[in-house]
Amino acid sequence: MNDRTEHPSEILQRFSRRNLYVVLVIVLLLGATGIALTVSPQGAVARSSQRAAWFIPVAIAIIAGVQTSLARRRWDPKSEEVQLILNDEWRRTNMARASRAALVTVLVAQTPLAWTFGFLTELPPVRLAFAMAISTITLGLATLLALFLIFDRE
Amino acid sequence: MTETLRNAIKVERARRDLTQADLAVMAGVTRRSVNAIETGRMVPSVLLALKIARALGVTVETIFRLDDASG
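Parameters and conventions
Residues numbered from 1 in each chain as written. Chains lettered and ligands numbered in written order. Predicted model: local features only at pLDDT ≥ 70, side-chain atom pairs only at ≥ 80, totals over all residues. Heavy atoms only, no water. Helix = DSSP H or I, 4+ residues; strand = E, 2+ residues; numbered from the N terminus. Rg over C-alpha atoms; globule rule 2.2 N^0.38 Å. Areas by Shrake-Rupley, 256 points an atom, 1.4 Å probe, with all protein chains shown as cover. Lys, Arg positive; Asp, Glu negative; His and termini not counted. Charge placed at Lys NZ, Arg CZ, Asp CG, Glu CD. Core = buried A, V, L, I, M, F, W, Y, C linked by side-chain atoms within 4.5 Å. Buried < 20%, exposed > 50% of the residue type's maximum accessible area, 1.4 Å probe, protein only. Contact = heavy atoms within 4.5 Å. Buried area = accessible area lost by both parts, 1.4 Å probe. Salt bridge = Lys/Arg side-chain N within 4 Å of Asp/Glu carboxyl O. Polar contact = N/O pair within 3.5 Å; in protein donor to acceptor, adjacent residues only side chain to side chain. Nonpolar A, V, L, I, M, F, W, Y, C, P; charged D, E, K, R; others polar. Phe/Tyr/Trp six-rings, centres within 6.5 Å; stacked < 30°, edge-to-face > 60°. Lys NZ or Arg CZ within 6 Å of the ring centre and 35° of its normal. Patch = residues over 30% accessible without salt bridge, like charges linked within 9 Å, V, L, I, M, F, W, Y side chains within 5 Å. Axes fitted to C-alpha atoms, helices over the stretch in contact; angles between N-to-C directions. Parallel < 35°, antiparallel > 145°, perpendicular 65-115°, else oblique. Left-handed = near helix turned anticlockwise from the far one by under 90°. pLDDT = per-residue confidence, 0-100.

Enquirer: Hey, could you go over the overall build of chain B for me, with residue numbers and the actual values?
Expert: Within chain B, the regular secondary structure consists of 5 helices and 2 strands. In chain B, the succession of helices and strands from N to C terminus is β-α-α-α-α-α-β. Scaling as 2.2 N^0.38, a compact globule of 71 residues should have a C-alpha radius of gyration of about 11 Å, and chain B matches this with 12 Å. With the C-alpha coordinates aligned to their principal axes, the bounding extent of chain B is approximately 40 × 20 × 20 Å. Total accessible area on chain B stands at roughly 3,900 Å², and carbon and sulfur atoms take up 54% of it. Each charge sign in chain B was given a centre, from 11 positive and 8 negative side chains, and these centres are 7 Å apart.

Printed below as a string of C-alpha cells:
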C-alpha cells in the first residue's frame, strides 16, 4: 500500500532527499576537480577552474535560493516535523548502515588508492598525500550519501 | 534455525480504516518508518513497537510475532 499525503514531514523528507542528490553530485564534482588539480596542477582542469572562478558566488546564490524555496517552509531544527524526521528510526537505521559501509569502503580502498597514486602517477610525497586525502574524503562521502539514498528509498 | 519477525500492521490498519500516514501521525513516527516496518524491511525497537501498538489500541503481541523456520 502506498499512501501519499502532504504531511509537513513528507514534504521535508522529499526535499531532503533531493538535496542529498545535489550534495552527492557536488561532492563528486569537487572531488574529481581536487584530484585533477593535485595530479596535474597545470592541466586543463586547472585552466578551466581559473576561468570559472566567477561561478562560485553565483552557485552559492543559487543554492541559497533553492534552500529558501521549500514551499515557503524553512528547515527549522526546533519544529515538530524536523524533530520527527531527525528522530526517525528508519532514517537512523539507514544512516548507521550507510556509515558502516562507507567506513569499510574507505578502509578497503586505501591500498588500491595508494597503489594507483604511488605507482601510476609518480607524484611527489606532499601531492601524493593530498591526492590520497581528497580521494579518501570524496569516496567516503559519496559512498555514505549514495548508500543512504539507496537504503532510504521506498 | 531462522527467526523472522511477522507483523499484522496492515491488517490492523485496514480493520480501523487507517492509512499509513494516519497511523504514523497517531504513533508519532514518520510514514516511511511505518511503511518499512509493515513491509518487513525494518525490525522496530521495543519503543517504536509499543508506540504503534498503543496507537492501534492493541498489544505488541497482537501485531508482532516470531515465525521459526527450521532448516
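Picking up where we left off.
Enquirer: Talk me through the nonpolar core; I want residue IDs and the actual numbers.
Expert: Residue and element names in this part refer to chain B. Within the largest apolar cluster, 20 residues are counted, with the highest numbers of intra-cluster contacts made by Ile9, Leu23, Ile37, Ile52, Leu56 and Ile63. Per-element accounting of this core gives the leading share, 6 residues, to helix H4 (residues 46-56). Aside from chain neighbours lying at most four places away, what touches Ile9 is Leu23, Ile37, Glu38, Ile52, Ile63 and Phe64.

Enquirer: Tell me about the interface of chain A and chain B, and please be specific about residues and values.
Expert: Listed as interface residues are 17 residues of chain A and, on the opposing side, 20 residues of chain B. With both chains or domains summed, chain A and chain B bury close to 1,600 Å², and 48% of this area falls on carbon and sulfur atoms. Across the contact surface, chain A and chain B share 1 salt bridge. In this structure, the salt-bridge partner of Arg32(B) is Asp152(A), at a minimum N-O distance of 3.5 Å. Between chain A and chain B we count 7 residue pairs in polar contact (both at pLDDT 80 or more) in total. Contributing elements (two or more residues each) for the side of chain A that touches chain B: helix H1 (8-39), helix H4 (80-86) and helix H5 (89-120) of chain A. Of the residues that constitute the side of chain A that touches chain B, the class distribution is 4 nonpolar, 4 polar and 9 charged.

Enquirer: A description of the packing of aromatic side chains should follow, citing residues and the corresponding values.
Expert: When we look at a pair of aromatic rings, we describe it by the centre distance and by the angle of the planes. Residues and elements named next belong to chain A. Here the structure, examined in full by the defined rule, presents 1 aromatic pair over all chains. With centroids separated by 5.9 Å and ring planes inclined at 45°, the aromatic side chains of Trp115 and Phe119 adopt a geometry described as tilted. Remark: Phe119 and Trp115 occur in helix H5; sequence separation between them is 4 residues, near one turn of the helix. Geometry around Phe151 places Arg97 over its ring, the cationic atom sitting 3.9 Å from the centre.

Enquirer: An account of a nonpolar patch on the surface is needed here, citing residue identities and associated values.
Expert: Residue and element names in this part refer to chain A. A grouping of Trp54, Phe55, Val58, Ile62 and Val66 is seen on the molecular surface, where their side chains present a nonpolar patch of about 480 Å² in accessible area. Looking at the secondary structure, you find Ile62 in helix H3 (residues 55-67). Its relative accessible area of 48% is what places Ile62 among the partly exposed residues.

Enquirer: I'd like a description of the packing of H1(A) against helix H2 (residues 44-51) of chain A, backed by residues and values.
Expert: All names here are of chain A. Axis separation between H1 and H2 bottoms out at 8 Å; the angle between their running directions is 120°. Relative to H2, H1 is oriented oblique. Crossing handedness for the pair H1 and H2: left-handed. Touching Thr33, Ala36 and Leu37 of H1 are Val45, Ala46 and Ser49, all from H2. In terms of residue class, the contact of H1 with H2 is built from 4 nonpolar, 2 polar and no charged.

Enquirer: Describe the confidence of the model for chain B, listing the residues and the values that go with them.
Expert: Per-residue pLDDT for chain B averages 89, and the proportion of residues at 70 or more is 94%. For this predicted complex, the interface confidence reaches an ipTM of 0.81, while the overall pTM sits at 0.80.

Enquirer: Residues and numbers for the packing of helix H2 (residues 20-27) of chain B against H4(B), please.
Expert: Residues and elements named next belong to chain B. In the contact formed by H2 and H4, the axes pass within 9 Å of each other and the chain directions differ by 110°. In terms of their interaxial angle, H2 and H4 are classed as roughly perpendicular. Across from Leu23, Met26 and Ala27 in H2, the residues of H4 making contact are Lys51, Ile52, Ala55 and Leu56. Looking at the contact of H2 with H4 residue by residue, the classes come out as 6 nonpolar, no polar and 1 charged.

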